[in-house]
Structures are given as C-alpha cells and as structure tokens.
Amino acid sequence: MYCWCRGPILEVIVSRMRYISAQTDLPIRFLGLSTALANAADLADWLGIKKPVFLLLLLFLSFS
C-alpha cells in the first residue's frame, strides 16, 4: 500500500538525524531497504555515504 506522505516524513526524519549527528559529533548509521531505487547515487550523496562503501553496497545488491 502506497502512502503519498511517506517520502516527506522520511526525509524530515533523516534530515533531523543528520543535523543532530553533526551538532553532537556522534556518528550515525542508516539502514535502508528497498526493492527498487532509481536514484541510488543521489541518495548516497545526500546521506554523505563515502563512495567505496556505496560501491560495495551496489555490488552486494547486484549479486543477491
């Protein structure tokens, strides 16, 4: 079941978590699961994921 409000709510939660992490200097880890993600590179960039980790994730997903 699709909810049109899910995307903006998740964006606000993630943005707030990133802000708090930056202000407190405490690392944060995100775990996201999706069956389809057309803009994975843009999402990784927005989350601040380093490229080697992101590429490893893409390789893992492509072989699973």
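Below is a short write-up of the structure. (Residues numbered from 1 in each chain as written. Predicted model: local features only at pLDDT ≥ 70, side-chain atom pairs only at ≥ 80, totals over all residues. Heavy atoms only, no water.)

A word on the overall build of the protein chain
Line of reasoning, step 1. Looking only at helices and strands, one finds 3 helices and 0 strands in the protein chain.
Line of reasoning, step 2. Shown N-terminal to C-terminal, the secondary structure of the protein chain runs as helices and strands in the order α-α-α.
Line of reasoning, step 3. The buried share of the protein chain, taken over its 64 residues, is 9%.
Line of reasoning, step 4. Roughly 6100 Å² of accessible area belongs to the protein chain as shown, and the carbon and sulfur atoms make up 67% of that amount. (Helix = DSSP H or I, 4+ residues; strand = E, 2+ residues; numbered from the N terminus. Buried < 20%, exposed > 50% of the residue type's maximum accessible area, 1.4 Å probe, protein only. Areas by Shrake-Rupley, 256 points an atom, 1.4 Å probe, with all protein chains shown as cover.)

Observations concerning the packing of aromatic side chains
Line of reasoning, step 1. Enumeration according to the criterion identifies 0 aromatic pairs in this entry.
Line of reasoning, step 2. Cation over ring: Arg18 sits above Trp46, and NZ or CZ is 5.8 Å from the ring centre. (Phe/Tyr/Trp six-rings, centres within 6.5 Å; stacked < 30°, edge-to-face > 60°. Lys NZ or Arg CZ within 6 Å of the ring centre and 35° of its normal.)

Details of the side chain of Ser21
Line of reasoning, step 1. On the secondary structure map, Ser21 appears in helix H1 (residues 6–24).
Line of reasoning, step 2. Given the relative accessible area of 14%, Ser21 is considered buried.
Line of reasoning, step 3. Non-local contacts of Ser21, meaning those with residues more than four positions away in its chain, are made with Leu26, Pro27 and Ile28. (Contact = heavy atoms within 4.5 Å.)

Regarding H1
Line of reasoning, step 1. The end-to-end C-alpha distance of H1, which contains 19 residues, comes to 27 Å, matching closely the 27 Å that a straight helix rising 1.5 Å per residue would cover.
Line of reasoning, step 2. Directly beyond the C-terminal end of H1, a positive phi value near 60 degrees is found at Asp25. (Expected span 1.5 Å × (residues − 1).)

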